[in-house]
Amino acid sequence: MTVSPTPQVTVTVRVFAQRFSSTPRGARLARHLAVHRLDAWGIPYDSDASDTAALLVAELAANAVTHGRVPGRDFEVRLSLCAHTLRIDVSDPRGERRPDGPGTVDVPPAGADGGRGLLLVEALADRWAVLDRLPVGKTVRAELDLRYH
C-alpha cells in the first residue's frame, strides 16, 4: 500500500527586529525603517496599510522613549508579517510602567499635552495587548489584518 503525501501549505513569515536608542531620534528612525522594511516586503509606501503601520510604530516607539526609558537601555521594534497579519511589537525595559491594555484607555482631560497615543493605537490596530518581556520589561503588541487595508 502506498501513502500519498499530504499537500503542504507554504507559509512565509517575514521578521524584522532592531534596537534603537531611547531618544526621540531613535523613535523617528524606528518609524522610518519600519516603513522601508514594509515596502521591501511588498506593502508600498503611502498605502493605507503602510500609513497605519507607520502611525502605530511612531506612537508605540514614542511611548517607549517617553514612558519606558531607562538610561543606557534601548527599546526594540519587531515586525512580523505572516499571511495577512502584520504584528508590531515595541519592547522597553520598564515593566513596572505598563498601560492597562485594550478597552481601558482613558481620554485625557481637555487641554492635556499628551495621553492620546494609546487611543490612536486602540483605534487603528485590529488587536493590541501589553505583554511581559523576559527577563525584564514589557512589550506592547499591535496587529493589523492586512486584507482589510
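Rules used throughout
- Residues numbered from 1 in each chain as written.
- Predicted model: local features only at pLDDT ≥ 70, side-chain atom pairs only at ≥ 80, totals over all residues.
- Heavy atoms only, no water.
- Core = buried A, V, L, I, M, F, W, Y, C linked by side-chain atoms within 4.5 Å.
- Buried < 20%, exposed > 50% of the residue type's maximum accessible area, 1.4 Å probe, protein only.
- Helix = DSSP H or I, 4+ residues; strand = E, 2+ residues; numbered from the N terminus.
- Contact = heavy atoms within 4.5 Å.
- Arc of directions from axis to C-beta.

*Asks:* With reference to specific residues and values, describe the nonpolar core.
*Replies:* Judged by nonpolar contacts, the single largest core of 32 residues is most densely connected at Leu60, Phe75, Leu79, Leu86, Ile88 and Trp128. Every element with two or more residues in this core is listed here: strand E1 (13–20), helix H1 (24–40), helix H2 (48–67), strand E2 (75–82), strand E3 (85–92), helix H3 (117–124), strand E4 (127–132) and strand E5 (138–145). Tallying contributions element by element places H2 first for this core, with 8 residues. In this structure, isoleucine 88 is in contact with Ala53, Leu56, Val57, Leu60, Arg78, Leu79, Val140, Arg141 and Ala142, ignoring residues within four places of it in sequence.

*Asks:* How would you summarise H3 if you had to cite specific residues and measurements?
*Replies:* Listed as buried for H3 are Gly117, Leu118 and Val121. Buried residues along H3 cover an arc of 90 degrees about the axis, so they all sit on one side. Buried residues in H3 make contact with H2, E4 and E5.

*Asks:* Go over unusual backbone geometry with me, naming the residues and quoting the values.
*Replies:* With an omega of 5 degrees, the peptide bond running from leucine 134 to proline 135 counts as cis. Tracing the chain through its elements places proline 135 in the loop between E4 and E5. Even without glycine at this site, aspartate 46 takes up a positive phi of about 65 degrees. Within the secondary structure, aspartate 46 sits in the loop between H1 and H2. We classify aspartate 46 as exposed; its relative accessible area is 67%. One non-glycine residue, alanine 83, lies in the positive phi region at around 55 degrees. As for its placement among the helices and strands, alanine 83 is situated in the loop between E2 and E3. Classification of alanine 83 by relative accessible area gives exposed; the value is 59%.

*Asks:* Any chance you could break down the side chain of serine 50 for me, citing the residues and the numbers?
*Replies:* Within the fold, serine 50 resides in helix H2. Its relative accessible area of 1% is what places serine 50 among the buried residues. If sequence neighbours within four positions are ignored, serine 50 has contacts with Val35, Ile43, Pro44 and Tyr45.

As far as function goes, none of this settles anything; it's purely spatial.
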